[in-house]
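Summary of structural features
As a plain string of letters, each chain reads:
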Amino acid sequence: MLIKLTGGKVYDPANGVDGEVRDIFIENGRIVSPSPDAKIAHEYPLHGRVIMAGGIDPHTHIGGGKVNIARTLLPEDHIGHEMAATDITRPATGRAIPSTLDAGYRYAEMGYTAAFEPAMLASNARQTHMEMGDTPIVDKGGFVMLGSDDFFLRQLAGKTDFSAIKDYIAWTMHAAQAIAVKVVNPGGISAFKFNQRQLDLDEQHTFYGVTPRDIILTLARGLQELGVVHPVHVHGCNLGVPGGVETTLATIKAAEGLPVHLTHIQFHSYGTEGDLKFSSGAARVAEAVNANKNISVDVGQVMFGQTCTISGDAMRQFVTSRSADPKKWVVMDIECDAGCGVVPFKYRDKSFVNALQWAIGLELFLLVNDPWRLFLTTDHPNGGPFTCYPHLIRLLMDKSFRQDAMQTINQDALKYSTLASLDREYTLYEIAIMTRAGPARSLGLMDRGHLGVGACADITVYEDNPDREAMFAKPELLFKNGEVIVRNGRIVKVVNGATHVARPHYDRSIEKSLKKYFDNYQTVRMENFRLSDDEIVNNGRGSLIIQPTKARVA
Amino acid sequence: MACDDLDIGPSGSGGLKVLKNGCAISRSGFERPLIEPSPQIDGKDVPLSEAIAAAAKLIRESRLPVFGGLGTDVDGMRAVMPLAERSGGVVDHALSGDAYRNLRVFQTSGYLTTSLTEARNRADLFIIAGGDVHKTHPRFFERIVCNDESMFAKTPAKRTVIFLGEGLDESAVKGDRIGEVLTLACKPDCIGEIVDAMRALAKGASIPAETIGGLPRSAVEDLLARCKAASYGVMVWLPSSLNFPNADLTIQAINEFIKELNLTQRFAGLSLGGSEGSTTVNAVCTWQSGFPLRVSFASGKADYDPNRYDASRMIAAKETDLLIWLASFTEALNPPDTDVPMIVLGTPHLTLKRTPKVYIPIGTPGVDQDGTIVRVDSVVSLPLRKLRQSNLPTAQNVLASIEAAL
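Residues numbered from 1 in each chain as written. Chains lettered and ligands numbered in written order. Predicted model: local features only at pLDDT ≥ 70, side-chain atom pairs only at ≥ 80, totals over all residues.

**So, the sheet that holds strand β6 (residues 90-91) of chain B**
In any sheet, the strands associate via hydrogen bonds between backbone groups, in a parallel or an antiparallel arrangement. All names here are of chain B. Going by this rule: When DSSP finds two or more bridges between a pair of strands, those strands are recorded as paired. Each helix is a run of DSSP H or I of at least 4 residues and each strand a run of E of at least 2, with the numbering of both proceeding from the N terminus. In this description, a residue-residue contact is defined by the distance between C-beta atoms placed from the backbone, which must lie within 7 Å. Note on definitions: angles span 0 to 180 degrees between N-to-C directions of axes, and those axes are lines fitted to C-alpha atoms, for helices only across the stretch in contact.
The strand order across the open sheet formed by nine strands is β4-β3-β19-β18-β17-β5-β6-β15-β16, and the pairing between neighbours is mixed. Edge positions in the sheet fall to β4 (44-45) and β16 (303-304), since each of these pairs with one other strand and no more. Across two bridges, the pairing between strand β15 (residues 295-296) and β16 is antiparallel. Each bridged residue has a counterpart across the sheet, and for V295 the counterpart in β16 is Y304. Against the sheet, helix α3 (residues 74-87) touches β5 (65-71), β6 and β17 (322-327), its axis set at about 175 degrees to β5.

**Details of the pairing of strand β2 (residues 16-20) of chain B**
All names here are of chain B. As paired elements, strand β1 (residues 7-10) and β2 share four bridges and run antiparallel to each other. Within β2, the residue paired with I8 across the bridge is V18. Connecting β1 to the antiparallel partner β2 that follows it, the hairpin turn spans five residues, and G12 within it adopts a positive phi of roughly 95 degrees.

**Observations concerning the interface of chain A and chain B**
So the rule is basically this: Amino acids are sorted into nonpolar (Ala, Val, Leu, Ile, Met, Phe, Trp, Tyr, Cys and Pro), charged (Asp, Glu, Lys and Arg) and polar (every other residue, Gly among them).
With 48 residues of chain A at the contact, the number on the chain B side is 51 residues. Mapped by element, the contributors of at least two residues to the side of chain A that touches chain B are α1 (65-73), α2 (75-78), β7 (82-83), α3 (100-109), α4 (125-133), β18 (329-334) and α18 (510-521) of chain A. Broken down by element, the residue count for the side of chain A that touches chain B peaks at six residues, all from β18(A). Here the side of chain A that touches chain B is built from residues that sort into 19 nonpolar, 15 polar and 14 charged. Inspection of the sheet shows β18(A) paired to strand β7 (residues 110-114) of chain B by five bridges, in the parallel sense. Paired with V331(A) across the bridge in β7(B) is L112(B).

**Observations regarding helix α10 (residues 282-291) of chain A**
An α-helical turn contains 3.6 residues, so any two residues separated by three or four positions project in the same direction. The cut-off we apply is this: Residue burial here comes from a neighbour count, namely the number of other C-beta atoms, placed from the backbone, that lie within 10 Å of the residue's own C-beta, with 20 or more meaning buried, 12 or fewer meaning exposed, and in between meaning partly exposed. Note that the arc is defined by the directions from the helix axis to the C-beta atoms.
Along α10(A), the residues that are buried comprise A282(A), V285(A), A286(A), A288(A) and V289(A). For α10(A), the arc enclosing every buried residue in end-on projection is 160 degrees, short of the 170-degree limit, so these residues lie on one face.

**Some points on unusual backbone geometry**
With an omega of 0 degrees, the peptide bond between D325(A) and P326(A) qualifies as cis. Of note, P326(A) is situated in the loop between α11 (314-320) and β18. Look at A554(A): it is not a glycine, yet its phi comes out positive at around 60 degrees. By the element assignment, A554(A) lies in the segment after β26 (544-547). On the basis of neighbour counts, which here come to 7 C-beta atoms within 10 Å, the residue A554(A) falls in the exposed class. Phi is positive for R294(B), which is not a glycine, with a value near 80 degrees. Within the element layout of this structure, R294(B) appears in the loop between α11 (278-289) and β15. A residue is classified by how many C-beta atoms lie within 10 Å of it, and R294(B), with 26 of them, is buried.

**Things to note about the domain arrangement of chain B**
Residues and elements named next belong to chain B. Heads up, the condition is: Just so you know, the domain bounds were taken from an automatic or database domain assignment.
When its domains are assigned, chain B resolves into domain 1 (1-33), domain 2 (37-95 + 276-405) and domain 3 (100-273). Here domain 1 and domain 3 have C-alpha centroids that lie 31 Å from each other. Counting residues at the interface gives five residues for domain 1, matched by four residues for domain 3. Here the residues of the side of domain 1 that touches domain 3 are counted per class, giving five nonpolar, no polar and no charged.

This is how it looks when you write it as C-alpha cells:
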C-alpha cells in the first residue's frame, strides 16, 4: 500500500534537505521513490507542516535495575500522574521515573521513535532488556558498561594482549545485546569498593594500579578497531565536582584524536571561580569540543523541578546523597561488575548552584558550533525528565523566551556564566540534526534519523507553530514503520519497537578465560550471563535489528 | 538465590533428580513427580477451555478481584498485569508482608547494599542479623561465605562470621576460608537496639547501660570495633525472620548504621528474601505499573496503597469477591483458608483445603517450561529452562486466554 505525504516542509539534514517542500512516499514501512504511475492508496495533505524523521534520544535512563530502584524509592513521583487505560493503551504512571509503558507512550506522543538506555550493566542486561521489551512503540538499545568490571581491570592490570581485550569488549556486547559501550567514572566504581573516594584522570586505582586515562584509551581504541560505530560513551571522572572542567578538558586531550563521546558534559563543566567556588566552565569546554572533531557530546541539561538522579557512578552518587531531596537514597555495589546510585534531587531556579547548572547547559548548547556532534539530552531523568524536551527546544530556538526565563532564576548565577551574552537561536534544521540525524549517525543506525529513499518510515509531522514548545510537545502525526501511531498528540495505535544491537567480531577462545573467571568468582555461569536472541524476541514481544559494524582491525 | 550450577538428570523412574549442588528446596522442587490432573470447575473435571471460560466469567462478574499468591516468573507476571488492569483488580504477592519490611525502609530512608558476587569475593566480615539463612537460602554459606577463591587475593584473608540472634544454625559456616565464628545471642527484636547503640557509639556517644539489647556493653563495643576494622563488611538480614511488630525499624537501623560507616570505610547490607518469585513479581509490577506490588486497577488507573491493597488483609476483611491464586513454584504456597470464591492456577502439588470455583493446574517455570526469574539481590536475573515434557499449560498462556475471553 503506497502512502503519500504531500506538500510538507521537510527537514532532513542527513540528506541536506532544509525545509524544502517535498512529497514523501511510504510503502511497506519504508520510504520509497515510486514510479510516476503508481497508485496512491492514501494521501495525507501536509501543506505548511514541518516534517522530520522520528526523534532519537541517544541517552535516556528508561530501563534496568537502577530505574526500577528509583521507581520503588519514589512512589510520590507517580502519585497524581497516573494515566487511565484507553481502548488501546494500558494504565501508565509517569513523571520523572515513568513506568515502562508510560515512557513508550510519552516518547511517541512527543514524536520520538527510538530511545537508548546508556547504562546497562552486563550483569543486569537481562532485566534492562525485559524492561525495554515492555516499553511500547519506540525502538531501543542499550550501551553496556565496561571499565569498572573486574575482568576488564584484571586484563588491563595484567597487560593482557590487546586483541584479547578487544575480544572481551566484543564478547560483552554480544552477551549483553548492546549497541555501544559506556564507561562510567572509569575505574572509579571499582575503586570506591576499595574505599577510594575519587579517581582523577591520572590517579591510580589502588588495587589494579591502572588509571582512568588507561581505561578510556583502551576502550576508545578497542571500539575503533572493532569497527563499532558509536565511539566509547564516556561519563567522565569527577561528575558534578566544582573544578571538574579541568578533568573534562584533560579527557578531551587524553583521547589523542580517537573518537570519544562525552556524555552529559553539563555535569562536567564546572569551574571554581567566585565566592561560592562554583562557576561555568562551559565556554572552555565548548571551545575544546569545537577544536577537536573527534569529540562528540550530549548535554544533560538541567530543568527545574523534582527529579531523581540515577547513575552507575556509585562513588559520586554516595557524595551526592548528602543533597538527596527527599532525604532517601540507594547506593549499591554490584557483582564485581559495576554499581549504582539513586538519589532524588530537586533543581530550584532560585538556587545559585542549580540556576548555574541550567545556564551552563544552555551555554554549551549555544557555544558548540557543530550540531552533528552535540545531542539534545537531559540525561533523563538526571537533569530532568525527557518530557521537558519541547521546553528545552524553545529555550534554544527562541532568544526572547530564553531571556524571559533568565529573569526568573537566581541572578547571581548568571554572573558566572556567559549565557546572557549569547544571541544564537537554533534553526529547525539544527534541531533536526541534534534530535535525529546526529544521534542516528553517531549510533550507526543505518536507516533511521533520515527521510531518504530506503529509510525506515519513522516520521514526525508537526504544525509549524511559532511557539516551538507547543509544536514539539504535540506532533500532528507520528508514523512508526509507516503506520500512524499518534494523531494530534494522542496515541491511536500501539506497536512493539525493535532493539538495535551491534555485533563486532571476536575470537571465541576468549570464552576459555571467561569461563574460568565465571566458574571461580561469579555466581552465575557464563552461559547464563549471556542473553539469547530468543529472550528479546520472546514470541513477538520484541525484535532485533543488527546494525552493521566496520571490519575489525587486528 | 537462583543457583544455576545444579546438575539435574533423569531419576531413572521417569522423573528428575538433582545430581549435584542440590539443596532441600531445589530437590523438593525438581524431584517432584509429574502429575497432570485435569482442570476442574467446582471440583469436577472439565476441559481446559471450559475452565478458562468459567474463570473469565467469574473475573468479568467480580466487582474487585484480587490476584494473590503470584508465585510466578517474569512472563507469568507479564500476563497477570494486563488481566488485572482490564478486570480492575488488585495485585499482591503472598510474601509481600516480608518484602514490605524492607520496602518501608527503602521508601523512607533508603539502602546501601551489595550483591552476591560482590559479597562472595570482597567481604571479610559477615554479620548475620536475626535469621536462619540456612532454612530459606540453604546454599548461601557454601556459595557466598565459605568459598575458597577470591578475586582479590591468592590466599584471601580469613573471614569472620558473626551471628546476631537466637538459636541460629552455624553449622554451614566451615572450611579454610573461615576464621572466627561468633554468636551474639539476642532476641531478634533487640537487634535494632544493638545496631542503634553501635551507631551512637561510632559517633562518640557514651552509653552507661551495662547491657544493650540483652548483650553486655563490651560485646556491643567489640562488635562495633570489628565492623570498623573490616575492609568490606556485609550485614545480612532476612526480612522473613524479622517477624515482629515494627520490624522495619530494625531494618532501618541496620541500613542507617551501614550508611554512616560508609562515610569513612566500606560496608554494605544484603537482604535475603525473595522466595516464591516475590522479587521477580515485584520487579515486573514496578516497571509496568510504576509502583511496587499492592496496586489496584479498580479505577482504571494504577492506585498504589501498600496498606489498603494488602491481599491478605482484603481477604480477611471480605473486601474482595474473588481471589485468583497463582502458585507455580512450591507446594508450600497454598491459598488461604477463606470462603471468598477462588480461582486457583497452581502446581498440581498444592493442598487445597477448599474446593475452588475453578482450578487449573499449571507447570513450573524451570521444570515444565522456560522462564526468567530475578534473583534475591534484585540485580541478576536468570533464564529458567524446561527440563521435562509435560502437558501442563503455562501460567502466561492460561492468563492470556482468560484475558482474551473477558
